[in-house]
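Structure assessment
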Amino acid sequence: MFGFLVGAVLFGLTYQQVFPKISALANVGNVVMPQLWNLNPYLVVILFALISFLLFYLIDRAGMQRKEKNQ
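Scope of this entry: the structure provided in the associated data block. Computed from a predicted model, the values in this text were never measured in an experiment.

With that settled, the discussion passes to the overall build of the protein. On a plain count of helices and strands, the protein comes out with three helices and zero strands. Element order for the protein, N to C, with α for helix and β for strand: α-α-α. Since a compact globule built from 71 residues should have a radius of gyration of about 11 Å, the 21 Å found for the protein marks it as more spread out than a globular shape. Along the longest, intermediate and shortest principal axes, the C-alpha atoms of the protein span 50 × 45 × 15 Å.

What follows is about a nonpolar patch on the surface. On the surface, Val28, Val31, Met33, Leu36, Trp37, Leu39, Leu43, Leu47, Phe48 and Ile51 cluster together into a nonpolar patch covering about 910 Å² of accessible area. Secondary structure elements with two or more residues in the nonpolar patch: helix 2 (33–37) and helix 3 (41–62). At four residues, the largest contribution of residues to the nonpolar patch is made by helix 3. By secondary structure assignment, the location of Trp37 is in helix 2.

A separate point is helix 3. Taking 1.5 Å as the rise per residue, helix 3 with 22 residues should run 32 Å; its terminal C-alpha atoms sit 32 Å apart, in good agreement. The opening residue of helix 3 is Asn40, an N-cap whose side-chain oxygen sits 3.2 Å from the backbone nitrogen of Tyr42.

Definitions and cut-offs
- Each residue is numbered by its place in its chain's sequence as written, counting from 1.
- Totals for whole chains, interfaces and linings use all residues, but because this is a predicted model, local features are given only for residues with pLDDT of at least 70 and pairs of side-chain atoms are given and counted only at 80 or more.
- Only hydrogens and water are set aside; all other atoms, that is, all heavy atoms of the structure, feed into the side-chain values.
- Runs of E in the DSSP output that reach at least two residues are strands. Runs of H or I that reach at least four are helices, and both are numbered from the N terminus.
- Between the two quantities, the radius of gyration covers C-alpha atoms and the globule rule is 2.2 Å times the number of residues to the power 0.38.
- Patches in this entry comprise residues that are over 30% relatively accessible and not in a salt bridge; like charges within 9 Å are linked, as are nonpolar side chains (Val, Leu, Ile, Met, Phe, Trp, Tyr) within 5 Å.
- Methods summary: accessible areas were calculated by the Shrake-Rupley approach with a probe of 1.4 Å, and residue burial reflects only the protein chains presented.
- Salt bridges are counted wherever a side-chain nitrogen of Lys or Arg sits within 4 Å of a carboxyl oxygen of Asp or Glu.
- Expected helix span is given by 1.5 Å per residue-to-residue step, counting one fewer step than there are residues.
- The term polar contact refers here to a pair of N or O atoms within 3.5 Å; inside protein, the definition further demands a hydrogen-donor-capable atom paired with an acceptor-capable atom, and it admits residues adjacent in sequence only when both atoms are side-chain atoms.

Put into structure tokens, the structure is as follows:
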């Protein structure tokens, strides 16, 4: 709990000096990932879907599903 409090105080104290510099570096406007990476939008959707299916398959194979409450 103390770490959260210290982090919040440090963030609050340094916000005015740090945020404008980070914002200037990361401000790329209103873009989406396919535009940012210069890819076909459908390719990005298919890749994320395949990664999701792979993740769900690995979770199923590892037996990491939620357990039933009645067990």
